[in-house]
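Each chain, written out:
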Amino acid sequence: MVTLHIGSGPAVFVASPTLAHEALVERGAVFADRPPPAALCHHAPPLRQPVQRQLLFLRPHLALLRRNLTAEILHPSRLRSYSRARTRVLNKLGAELKSQPGGVVRVIDHFQYAMFCLLVLMCFGDWLEEEQIKQIKEVSRRALLSQWRFNVLNFWPWLSKLVLRKRWKEFYELCECRKRVLVPLIRARLKAKQEQLSKAKEDGNDGNGDWILPYVDTLLDLELPEEKRKLEEDHIVSLCWEFLNAGTDTTSTALQWIMANLVKYPEIQERLYDEIKSVVGEGAEQVKEEDLQRMGYLKAVVLEGLRRHPPGHFVLPHAVKEDAEFGGYAITKDATINFMVAEMGWDPKVWEDPMEFKPERFLNSASGGAASGFDITGSREIKMMPFGVGRRICPASGLAMLHLEYFVANLVWQFKWRTVAGEEVDLSEKQEFIVAMKNPLRAQISSRN
Ligand code: HEM
């Protein structure tokens, strides 16, 4: 199904998985652009605007930047190297949950902080102190809370600069604050890198000791080939900011939706617990990353969570590179096109009882009851697309799946999750930047051992 509407320009919404496959896979080169810079800036909330403006400047290099991110940080072979950071965050999350009075937890704040910490450690290195992480989180929280207040600044900026002077001032102060927190971390990494290099020279080795590669190091090393120069500090600030914010709310919201369903349906939680026990053995303290591959039902639970409650009901806007005929419509160059992620995952022609939470649907009898064969990238066929599909697919889908599986498994292994007496789990949605739980999950937890 394709609908057209005229608002700030022609926009096309695609709900059919077959058409989405045609656009994103078969004709990917035509449909994988982003809307032109002006449109991006216009639609972006102001706090993203400086980021977007930086990205406009970097636009000719976006392919290089994406390659750097996927090859240096998000490549499956790299993801393992961040496991120390994951264990650190898991331990902290476990301790926080245990200390809640009466064992009643409102999970989302803890999940958000945990996912943010993980990305901060991947971005700046796992030697960062708790206090430094808290400072970055504080600025990020302020930015998020102010986002809606600043939205109005997008419209007729010349007029709002006159009548909303105070708000513009606040906005610029927040941007400065972001720089004040991130720039010292970037400079500290630059210094540490130089010291590591000179020590490595003295010791006669390559300097790759027992340390993880932080994202910021790869940005400091990156050279823009045509201009033959490194990235400016402001660009690095923007790119780190994007990295931290693109993955926090998406992953923590998905985690919350999955845990909400495990509280609501205790029989699913128990089946998952039994699977974990059969893999890690009775006395194990934690579920290790290497154990996850042997947990087919866990994967099915995570996939079902992403199908039933995708954090984004749409992907980010795409743009059409040239005039094209598509699904019986003539679509002009630069038209915006989007894909209805939630509709596809709920399509009754593809999914039986689509609104039910049934992880079993992913257990394929042909592959011995494992969900591992399911193609979440949609490259063969699209049945759901929580991460998008094709050239613009979320570059961190592998990382997000790992984080979801690791945290769901450990949270269920360490705690029994129940509804709070007299309350029910309410699965109503609320549209924010992502689609969140309208009434955030509160659960009664008790230690399993
Ligand atoms: C459950 C978690 C996540 C979901 C559901 C999700 C989903 C998405 C979606 C739907 C897109 C847009 C795809 C398109 O436009 O076609 C996207 C883009 C992106 N995501 Fe994710 N994401 C998740 C986690 C993450 C994490 C953890 C990171 C960073 C570490 C991240 C970084 C990005 C970036 C940088 C882009 C823009 C890519 C581009 O424009 O080429 N995401 N994500």
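Residues numbered from 1 in each chain as written. Predicted model: local features only at pLDDT ≥ 70, side-chain atom pairs only at ≥ 80, totals over all residues.

### Let's talk about the overall build of the protein
So, step 1. Per the secondary structure count, the protein includes 17 helices and 13 strands.
So, step 2. For the protein, with 449 residues in total, the buried portion stands at 34%.
So, step 3. Counted over contacts in the protein with a minimum sequence separation of 6, partners at least 24 positions apart contribute 74%. (Helix = DSSP H or I, 4+ residues; strand = E, 2+ residues; numbered from the N terminus. Buried ≥ 20, exposed ≤ 12 C-beta atoms within 10 Å, placed from the backbone. Contact = placed C-beta atoms within 7 Å.)

### Details of the nonpolar core
So, step 1. Membership of the largest hydrophobic core comes to 99 residues, with the highest contact counts inside it found for C123, C240, I258, M259 and V408.
So, step 2. Every residue in contact with C240, bar those within four places of it in the chain, is listed here: C123, L182, Y215 and V216. (Core = buried A, V, L, I, M, F, W, Y, C linked by C-beta atoms within 7 Å.)

### Things to note about the packing of helix α9 (residues 130–151) against helix α11 (residues 165–203)
So, step 1. Axis separation between α9 and α11 bottoms out at 10 Å; the angle between their running directions is 155 degrees. Between α9 and α11, the angle is such that the two are roughly antiparallel. Our pair here, α9 against α11, has a crossing hand that is left-handed. Contacts between α9 and α11 involve Q135, I136, V139, R142, A143, S146, R149 and F150 from the first element and R167, F171, L174, C177, R178 and V181 from the second.
So, step 2. Broken down by class, the residue content of the contact of α9 with α11 amounts to eight nonpolar, two polar and four charged. (Axes fitted to C-alpha atoms, helices over the stretch in contact; angles between N-to-C directions. Parallel < 35°, antiparallel > 145°, perpendicular 65-115°, else oblique. Left-handed = near helix turned anticlockwise from the far one by under 90°. Nonpolar A, V, L, I, M, F, W, Y, C, P; charged D, E, K, R; others polar.)

### Comments concerning the environment of T251
So, step 1. Inspection of the secondary structure assignment puts T251 in helix α13 (residues 233–264).
So, step 2. The buried category is assigned to T251, around which 26 C-beta atoms lie within 10 Å.
So, step 3. For T251 and H403, which are 152 residues apart along the polypeptide, the C-alpha to C-alpha distance reads 7.9 Å.
So, step 4. T251 has contacts with M115, A400, H403 and L404, leaving out every residue within four places of it along the chain.

### What about the sheet that holds strand β10 (residues 415–419)?
So, step 1. Read across the sheet, three strands follow the order β3-β13-β10 without closing on themselves; strand pairing throughout is antiparallel. The open sheet has two edge strands, β3 (104–106) and β10, and neither has a second partner. Adjacent strand axes in the sheet meet at a mean angle of 40 degrees, parallel and antiparallel pairs treated alike.
So, step 2. In the sheet, β10 pairs with strand β13 (residues 442–447) via five bridges, with the strands oriented antiparallel. Counted as the bridge partner of T419 is A443 from β13.
So, step 3. Together, β3 and β13 form the strand contacts of helix α8 (residues 107–124), whose direction differs from that of β3 by roughly 60 degrees.
So, step 4. Sheet contacts for α13: β10 and β13; angle to β10, the most-contacted strand, approximately 75 degrees. (Pairing = 2+ DSSP bridges.)

### Looking at the site of the ligand
So, step 1. Near the ligand there are 23 residues, and of these A246, G247, G388, C394 and A396 occur at the shortest range.
So, step 2. Those elements that place two or more of their residues in the shell around the ligand are α13 and α17 (397–414).
So, step 3. Take the shell around the ligand: its biggest share by element is seven residues, from α13.
So, step 4. When grouped by side-chain class, the residues that make up the shell around the ligand number 15 nonpolar, five polar and three charged. (Near = placed C-beta within 6 Å.)

### Quick notes on the UniProt feature "binding site: heme" (unreviewed entry) in the protein
So, step 1. The sites that carry the UniProt feature "binding site: heme" (unreviewed entry) are, in the present numbering, C394.
So, step 2. Mapped onto the fold, C394 is located in the loop between α16 (341–345) and α17.
So, step 3. Every residue in contact with C394, bar those within four places of it in the chain, is listed here: F387 and G388. (UniProt positions renumbered as here; feature names shortened; annotations may be inferred.)

### Examining α11
So, step 1. Taking 1.5 Å per residue as the helical rise, α11 with its 39 residues ought to reach 57 Å, and the 57 Å between its terminal C-alpha atoms agrees with that figure.
So, step 2. Approximately 25 degrees is the largest bend angle found in α11, and it occurs at L182, with the proline P184 only one to four residues beyond.
So, step 3. Those residues of α11 hidden inside the fold are in contact with α8, α9, α12 (215–221) and α13. (Expected span 1.5 Å × (residues − 1). Bend = angle between axes of the 7 residues up to and from the residue.)

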